[in-house]
Number of protein chains: 6
Amino acid sequence: MKIMLINPNTTQYMTDSILKCARRYASPGTELYAVTASFGVSSVECYVDEYLAAPAVLREIMRGEALGVDAYVIACFGDPALQAARELTDKPVLGIAESAIAAAKMIAPCFSVVSVLDRSVKVTADVVSAYGAAPFCRSIRSTGLSVLDFGKDTDRGLSALAEQSRRAVAEDKAECVLLGCAGFVDFVEKLQRELGVPVLDGVSPAVRFAEALVGLGLRTSKVNTWTSPEKKAYTGYPFPDMNKS
Amino acid sequence: MKIMLINPNTTQYMTDSILKCARRYASPGTELYAVTASFGVSSVECYVDEYLAAPAVLREIMRGEALGVDAYVIACFGDPALQAARELTDKPVLGIAESAIAAAKMIAPCFSVVSVLDRSVKVTADVVSAYGAAPFCRSIRSTGLSVLDFGKDTDRGLSALAEQSRRAVAEDKAECVLLGCAGFVDFVEKLQRELGVPVLDGVSPAVRFAEALVGLGLRTSKVNTWTSPEKKAYTGYPFPDMNKS
Amino acid sequence: MKIMLINPNTTQYMTDSILKCARRYASPGTELYAVTASFGVSSVECYVDEYLAAPAVLREIMRGEALGVDAYVIACFGDPALQAARELTDKPVLGIAESAIAAAKMIAPCFSVVSVLDRSVKVTADVVSAYGAAPFCRSIRSTGLSVLDFGKDTDRGLSALAEQSRRAVAEDKAECVLLGCAGFVDFVEKLQRELGVPVLDGVSPAVRFAEALVGLGLRTSKVNTWTSPEKKAYTGYPFPDMNKS
Amino acid sequence: MKIMLINPNTTQYMTDSILKCARRYASPGTELYAVTASFGVSSVECYVDEYLAAPAVLREIMRGEALGVDAYVIACFGDPALQAARELTDKPVLGIAESAIAAAKMIAPCFSVVSVLDRSVKVTADVVSAYGAAPFCRSIRSTGLSVLDFGKDTDRGLSALAEQSRRAVAEDKAECVLLGCAGFVDFVEKLQRELGVPVLDGVSPAVRFAEALVGLGLRTSKVNTWTSPEKKAYTGYPFPDMNKS
Amino acid sequence: MKIMLINPNTTQYMTDSILKCARRYASPGTELYAVTASFGVSSVECYVDEYLAAPAVLREIMRGEALGVDAYVIACFGDPALQAARELTDKPVLGIAESAIAAAKMIAPCFSVVSVLDRSVKVTADVVSAYGAAPFCRSIRSTGLSVLDFGKDTDRGLSALAEQSRRAVAEDKAECVLLGCAGFVDFVEKLQRELGVPVLDGVSPAVRFAEALVGLGLRTSKVNTWTSPEKKAYTGYPFPDMNKS
Amino acid sequence: MKIMLINPNTTQYMTDSILKCARRYASPGTELYAVTASFGVSSVECYVDEYLAAPAVLREIMRGEALGVDAYVIACFGDPALQAARELTDKPVLGIAESAIAAAKMIAPCFSVVSVLDRSVKVTADVVSAYGAAPFCRSIRSTGLSVLDFGKDTDRGLSALAEQSRRAVAEDKAECVLLGCAGFVDFVEKLQRELGVPVLDGVSPAVRFAEALVGLGLRTSKVNTWTSPEKKAYTGYPFPDMNKS
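In this report, we go over the structure that sits alongside the text. Keep in mind the model is a prediction, meaning the values are calculated, not measured. (Residues numbered from 1 in each chain as written. Chains lettered and ligands numbered in written order. Predicted model: local features only at pLDDT ≥ 70, side-chain atom pairs only at ≥ 80, totals over all residues. Heavy atoms only, no water.)

## What about the overall build of chain A?
Now for step 1: Of the regular secondary structure elements, chain A holds nine helices and ten strands.
Now for step 2: Relative to a compact globule of 245 residues, whose C-alpha radius of gyration would be 18 Å, chain A shows 17 Å and is just as compact.
Now for step 3: For chain A, the C-alpha atoms occupy an extent of roughly 55 × 35 × 35 Å along the three principal directions.
Now for step 4: Here chain A holds 245 residues, and 69% of them are scored as buried.
Now for step 5: A separation of at least 24 residues holds for 70% of the contacts in chain A among residues at least 6 apart in sequence.
Now for step 6: Accessible surface, chain A as shown: approximately 7700 Å² in total, 50% of it carbon and sulfur.
Now for step 7: For chain A, the separation between the mean place of its 26 positive charges and that of its 28 negative charges on side chains is 2 Å. (Helix = DSSP H or I, 4+ residues; strand = E, 2+ residues; numbered from the N terminus. Rg over C-alpha atoms; globule rule 2.2 N^0.38 Å. Buried < 20%, exposed > 50% of the residue type's maximum accessible area, 1.4 Å probe, protein only. Contact = heavy atoms within 4.5 Å. Areas by Shrake-Rupley, 256 points an atom, 1.4 Å probe, with all protein chains shown as cover. Lys, Arg positive; Asp, Glu negative; His and termini not counted. Charge placed at Lys NZ, Arg CZ, Asp CG, Glu CD.)

## Some remarks on the sheet that holds strand 5 (residues 93–95) of chain B
Note on sheets: strands pair through backbone hydrogen bonds, and any given pair is parallel or antiparallel.
All names here are of chain B.
Now for step 1: As summarised here, the arrangement of the four strands in space is 2-1-4-5, forming an open sheet in which the pairing is parallel. A single partner strand is all that each edge strand has here, and the edge strands are strand 2 (31–36) and strand 5. This sheet shows a mean twist of 20° between the axes of neighbouring strands, independent of strand direction. (Pairing = 2+ DSSP bridges. Axes fitted to C-alpha atoms, helices over the stretch in contact; angles between N-to-C directions.)

## Some words on the interface of chain E and chain D
Now for step 1: Taken together, the 41 residues of chain E in the interface contact 41 residues of chain D.
Now for step 2: Both faces combined, the contact of chain E with chain D buries some 3400 Å², and carbon together with sulfur accounts for 57% of it.
Now for step 3: Our count for the contact surface shared by chain E and chain D stands at eight salt bridges.
Now for step 4: For the salt bridge of D:Arg119 with E:Glu87, the shortest nitrogen-to-oxygen distance reads 3.1 Å.
Now for step 5: Counting residues per element, the side of chain E that touches chain D draws most heavily on helix 2 (residues 47–67) of chain E, at eight residues.
Now for step 6: Residues that form the side of chain E that touches chain D fall into these classes: 21 nonpolar, eleven polar and nine charged.
Now for step 7: Summarising the sheet, strand 10 (residues 234–235) of chain D and strand 3 (residues 40–41) of chain E pair through two bridges and their orientation is antiparallel. Residue pairing in the sheet places D:Tyr234 in a bridge with E:Val41 of strand 3 of chain E. (Buried area = accessible area lost by both parts, 1.4 Å probe. Salt bridge = Lys/Arg side-chain N within 4 Å of Asp/Glu carboxyl O. Nonpolar A, V, L, I, M, F, W, Y, C, P; charged D, E, K, R; others polar.)

## Description of the side chain of C:Ser120
Residue and element names in this part refer to chain C.
Now for step 1: Along the chain, the position of Ser120 falls in helix 5 (residues 120–130).
Now for step 2: Of note is the side chain of Ser120, whose polar atom sits 3.0 Å from the backbone oxygen of Glu45.
Now for step 3: When sequence neighbours within four positions are dropped, the list of residues in contact with Ser120 reads Glu45 and Ser115. (Polar contact = N/O pair within 3.5 Å; in protein donor to acceptor, adjacent residues only side chain to side chain.)

## Quick look at the packing of helix 1 (residues 12–25) of chain B against helix 9 (residues 203–215) of chain B
Residues and elements named next belong to chain B.
Now for step 1: For the pair helix 1 and helix 9, the least separation of the axes is 9 Å and the interaxial angle reads 50°. Taken as axis vectors, helix 1 and helix 9 run oblique relative to one another. The way helix 1 lies across helix 9 gives a crossing that is right-handed. Packed against helix 1, whose contacting residues are Ile18, Cys21, Ala22 and Tyr25, the element helix 9 presents Val203, Ser204, Val207 and Arg208 at the interface. (Parallel < 35°, antiparallel > 145°, perpendicular 65-115°, else oblique. Left-handed = near helix turned anticlockwise from the far one by under 90°.)

## Some details on the arrangement of the chains
Now for step 1: Taking C-alpha atoms as the reference, chain B and chain E come no closer than 16 Å and do not contact one another.
Now for step 2: The two units chain C and chain F remain apart, with a minimum C-alpha distance of 16 Å.

## Re the interface of chain C and chain B
Accessible area lost upon the coming together of the parts serves often as the stated size of an interface.
Now for step 1: The partner chain B presents 42 residues to the 41 residues of chain C that form the contact.
Now for step 2: Buried surface at the junction of chain C and chain B, both sides included, amounts to about 3400 Å², of which 57% is carbon and sulfur.
Now for step 3: Seen at the junction of chain C and chain B, the total is 35 residue pairs in polar contact (both at pLDDT 80 or more).
Now for step 4: Elements represented by at least two residues in the side of chain C that touches chain B include exactly strand 3 (40–41), helix 2 (47–67), helix 3 (82–88), helix 5 and strand 10 (234–235) of chain C.
Now for step 5: If one sorts the elements of the side of chain C that touches chain B by residue count, helix 2 of chain C sits on top with eight residues.
Now for step 6: The residue makeup of the side of chain C that touches chain B, split by class, is 21 nonpolar, eleven polar and nine charged.

## Re the relation of the copies chain E and chain D
Now for step 1: Mapping chain E onto chain D calls for a rotation angle of 180° and an axial translation of 0.0 Å; the resulting RMSD is 0.0 Å. Look at the turn and shift together and you get a two-fold axis relating the two. Scanning chain E for the C-alpha nearest the rotation axis identifies E:Tyr51, at a separation of 3.3 Å. (Least-squares fit on C-alpha atoms with pLDDT ≥ 70 in both.)

## Remarks on unusual backbone geometry
Now for step 1: In this structure, A:Lys173 takes a positive phi of about 65° despite not being glycine.
Now for step 2: Following the sequence through the fold, A:Lys173 ends up in the loop between helix 7 (154–170) and strand 8 (177–179).

## Comments concerning helix 8 (residues 188–195) of chain D
Now for step 1: Among all positions of helix 8 of chain D, only D:Val188, D:Leu191 and D:Leu195 are buried. Along the long axis of helix 8 of chain D, the arc covered by the buried residues comes to 70°, so they all point the same way. (Arc of directions from axis to C-beta.)

## Comments concerning the sheet that holds strand 9 (residues 199–200) of chain E
All names here are of chain E.
Now for step 1: On the basis of which strands lie adjacent, the open sheet formed by four strands has the order 7-6-8-9 and parallel pairing. Only two strands of the sheet have a single partner each, and these edge strands are strand 7 (137–142) and strand 9.
Now for step 2: Bridge analysis of strand 6 (residues 111–115) against strand 7 gives five bridges, and the strand direction is parallel. Looking across to strand 7, one finds that Phe111 is bridged to Cys137.
Now for step 3: Running at roughly 155° to strand 7, helix 5 (residues 120–130) makes contact with strand 6 and strand 7 of the sheet.

Here it is in C-alpha cells:
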C-alpha cells in the first residue's frame, strides 16, 4: 500500500519531520512517500497562505495518480484543498485536521486545539466547524509563535505549547489536546507525558485512517459533488495534463 | 492485537455474520473475538431494547479487560452503552454507527442511513445528532422490516434495502449509503454494485479504526468524564467484580 | 389520580426525601407512590450508572401499569430510560430534568444547572441538549461532591451548592438555578432565599406537570416511535411478563 | 387561584370559546377570567397584527395586577408580547404556543403545527424557533383560511384542518399535531378521534401549566432581563398608571 | 431619493442626533426626513418598550407611503416592528441593528455589541440570533447606563462605552465593535480612534444600504409572508386609513 | 470612487457582461474596472476550479492596490479567496454571493439559489452556511447546465433557470430567487418579470454595497485575523512584490 504525504508548504524540513512521524506510526507493509509543495508558501498561517498552497497540493495529487498511489494525506492543519483533491482521484484523501478530530472524538468527549499565531485561530475554527465538530471543541488556543518560529527554537515552542495546552485542560475543560500544525509532530510525546490527557497530532491518525480506508476497499464517492472536474481550459499552472483530464 | 466484537443482542447467528464480516476486513495480525450478549434482547429496534441491551455490553467489556483485549467494537447501529463502556476501560471502544459515519465523511460529502423499522428511525437520528453528523445526513430511511425479518427472508430484505437506498440517492441526494443495522453486513457488496455509490456497514470500519487507534497507542481520556465509575454499590447484575472495581 | 415516583437508584433515603418533596407540592387529590430501584446502583453519576439504573426503571413502569398508575415521574436528573419508559405505557412519563427545564423556561430567560461531580456535567449537558434547551442554558456547574456526600454532610453540601449557584448568577449571568440531582430537593428553599433568583428542583415541577397532563387527558403518542416494543425474546431480567407484552 | 385568559384580539366570540375550553380543562378550584383586547385588531395573522395586539395585552396584565390575578395566559398562538408581559408582573405568564409545545414534547418525539393563512407560517416558525423547539417540529402547515373564516364556516374549517393534519402525519411524519390558533379550540376532540395521534390546542395546557406554576409557588425571575421597566415617559396609551409604575 | 428615518422613541433630541449622523453619511442627492414617534416611550430598553414603540413606527410607515418615501430606516437597535413595517410597504425598510450587523460582516470576521442596560442584552441577543449572526458575535456587553443617561452625561457615557469596547476586543477577541443604541451615533468617531478596530453605529450603514437597495430597484417581496395585512378591523390607534388599506 | 470587478475565471465575455451589469446599477460617480483572471480556469463550477481560480484573484487585488482602487468585488458566486483578499488590502472586498444574500435578507424572509451543475450545489451550500444564512435558504437548485452552456445557448439557459426558479417558489416556498452564477446577470430582469418575486444577481448589489462601505469610510478590520500575511517566501506565482509585502 502506497500512501503519499503532501506537505502543502515549501519547507523541506517540515516534510522530513512529517515523514519521520508517519513512519513511526504506519503499519509495517505501508510505503510512504512524502512530497514538498513545489511552489507556493513556506508556511501556512492565514487565508492567503491556504489559497496559495492549494494548487501545489492538487499538482501532487495528479502526480500521485500517475504513480499508483493508494491514498493521500494532506499534511497541514487547515486541510487546504481537501475537497478539490477528492475531485481529482477516487483514492481516499485525508486531511490531518479531519483525522485528528475524528480520532479525538473516538477517545475523548471533547478537545481543544492549540494553533500557531492568533490570526490562525479562525482558519482552524473554520475547519472544525466544517466537519461538524464545533460542539466537541472546547477552545482553539494560539501560542503567538509562527510555524517557522517553532523550527528555530524548539524549546520555546514546546514551552508555549505546554502552557496553552495546560490552560485548555484547566480552564476550558478540554479532555484531549490536538496540535494544530503539522510542524508540531515532534512535540506530541513530551506533551502527552506532561499533560496527563491524550495529545494528538494529525499526521499519525491520518496515515492510519488512510490505511484503514484502503484496507476496506473504500473509494471516494464519484456520483456527484466530488466527481472529476468538467473539461475546460486550465492555464498558468504547471499541470501538463490537466486540460486533457 | 486482540479486538473484541460485542453483539449487544442475544441472537447468535447475528454474532456469526458480524464476525465473518470483521474477518474479511481485519488486518492479517488482528485476533478477533466475537461475543453475544448473555442476557437482554434478541434484537435492538427501540429504546427499551437499547436500555435492556446495555448492561450485557458492559459485562462483556469487564470480561474483556480480564482477557487483555486491546480494543472493543459495539456491533449494533444504536451504539448502545458506548460512553459507559469507555468509563470501564482505557482501551479504545468504537461503535459501529460512529465508525460508519466517520468513514462516510471521509469519502463522501453527505450520506443517508437505511434502518429497519419506522420506529427505529429516531434511535438512529439521535445517534447521528450526538456525533455532530446531522449536517451531513440527507435522510434516515426505514424498510419497515424488523431485524429478525432480515434473517428470515434475505431476498425480501435485500430488495427492501435496495429500494430505500435507491430513493436515498435519487430523491434525497445522498452520495453514500450507510446500512443502519449490524444485521445488514451481508448485503453491502451486492448493494454497492447495484447502486453506484459507496455502501458502508459499520462493522468493517469499526474494526479497521480500532486497529488504527491501537496502532497509534491511543487510549481513552481518563481525566474527567470517562474516568472509572466511583466506588458504590452495584446490585442485581451478574458482575462479580463491579463493587470492587 | 395516582402518580408513581421512581427513584432510579437503590438508596432508600433518597426515595424518602423525593416523596417528602413531592407531597409538599402535589395537589390535594393526588396519590403518590414512591418506589426505589430494586436493583442497579446506589447513586447515578456517570454513564455506567445511567445504563445500570435504566432496567429497574422499566421494571417499575411495568409494575405501575398493573397497579393502574396514571402518570410516572423518573426522579433522577439524567432522566434515565425516559424514552424507553414511554414505549411501555401510554400514561404520561416525565423526567425531572425535563420538567425542571420546562418550568425554568416559563419563568426565566435563561438558567444554569448545578450538578454533583465534575464528571456528571456531561451527562447533564447531554440531557439539556436533547431537549433543545442548550440556547437557554448559561452553564452547568459542579460541586465536586458525590450524590452520597450530600447525604452524609448536608451543611457542606448546602455550602457547595450555594457557592456554585452564586457563581452561576454572578459570572455566568444565569437568571434561574436548577438543582441537577434528585438528592438536592431539601436544599431548594434555603438556596432560593439566599440567592434572590428562582431555584428549582425537578421533582416538584414533574409532579405538577404530570397532574396537568393527566388532567388534560393527554396520553403518549403511540403512532410510531414510542409504540410498544415488538414481541421478541427478553432474557435475564426479573420481568415476568415482558415476553408476553 | 385566579387565572386571567387574555384574548389579544378584539373578537368577543373567540374569547368566549377560549373561556369555554379553559373551563373544561381547569382544575376545580381555579377561577378563570377571560378578557378581550380593548383595542387593536380583530384577528392576529401577520406581524402588523402581532404588534398592534401587543399593547392591549400589556394593558390587561396591568389591570390583572390590580385584581390580584395569580397567573396569566396569553391566548393567541404567536404568544404576542409574552416577554414584555413578564416584565410587568412576577406572576407566571404563559403563552399558548409555548404551552402547546411544552406539552407536546412531553408526550411525543415530534410534532407539526397547523396554522391559518400561508403567511402566518413564518410567525409560527419564529415562535417555534424562539423556544428551541425547531428540532422537534416536523412541519408548519397552513389551511389557507383566515382566523375569521373558521368562525364563519366551521365545517369547512374542520375539513381543512383535518386535511392538513393528516398530511402532517402521513407525509411529514409528525407524531402529534398542534393547532396553531386559539380559534381552533373547538376542533381538538373531533380531530383527535379522526387522526389517531394526540391533537393539542394551546389554551388547555396553558391553563394547567399556569396552575402548576402557581401551585409550586414559582414567580418570574426579576433579577435582570424581566425586571420591571425603568421609569420613563409613556404616552398615547390608555395606561393611567404606567408612568408611575 | 427620499429616505425616512424613524426614531421609535418619543425623545426629540435623539431624532436630531440620528438625523445629524445620517446627513454626514448620506449620498449627495438623498433627501432625509427624520420623524419622532408621536406616542409610545421616551426610550427603548426592554420588551415592554419594544412593544409600546412598535405601533408608532407603523404609523410613520403609513404616513411615509402618502409622502412618496423611497425607503425607511427604523433607528433603534432592537429593530422594533421591522417585519411588520415590511408588510405595510413594498419600499425597502431597514433596521439599524440589521444594517450594522450586515456591514460588520463585510469588514470583520467577528464583532461584539455594546448595549445600554444589563437587561437590554437579551433584546439585542434576540435580534442578533434572528438575523443568523450569532456565530459571528463574540459578546454583547452592557454599560449599565440607560439610554437617557447617555444624553445627560456624555463624558461618562463615552467612558463607559470605551471601557466595554476595550474589553470586547481584549477579552472576547472581537475584531469590530457595534454600538447597540441609536443614541450612540455621536460616539463612533472618538471610539474608533481610541480602539484601533472598526466601530459602527447602525444609522449610517442603514442609510447607505437603503440608498443601495433603492438604486438597485429592489422592492420587498410581496409574494407571501410580507404581503399587505388582510382587511380586518383595527381599533384604538390613530391610524385613520388602516381599516381601508 | 474606483471599484475593481474581478472575474475569477479566464473567460473574457463573462467579464464583459459583469461589467455591463455593474455599469447599469452603479452610482453616477463610480469608476468601474473589470479584470479577467490572467490564469486559472475558464469557468468555476467545482472545488478544483475554486482553488485554481483563487491565486489570480489575489494577484488582481495586489495590482488594484497599486492602482488606488477603493473597493473590490469578486464576481463569482462561490466568492473564491474572499477572506484571503481581505488580508491583502484594507479596502472593502465583497463577494457576489455574500452581497446577494445580504440584499435578499433585507427584502424577503427567505430565498432559494439557482446554480449551474448539480455538483455546484455543495459549493453554494458551503458559502450560504459560511455566512450564517442557512436558516433563510429554502433550497439550492441546479439547472444541470454548465457555466459555459449558458453562454452558448441563452434561450435554453433562460428556460432552465425559469423552470428551477418557479419550482423554488412553488415547491420550496422561496420568496426571493438568487441567481447563483455571475454568468446569469443578463437573465435577471426577464426572470423577475416572469416570476413575480424579486430575482437577484450578486454583481449589482455587490457594486452598490461596495459604494456604501466606501461612502461610510469603512475599512477591513486589521486587528488580527485579516491583517497582512506574515513575511515569508512565496514562490511560483507571478507576484513580483509579494515577498516584500
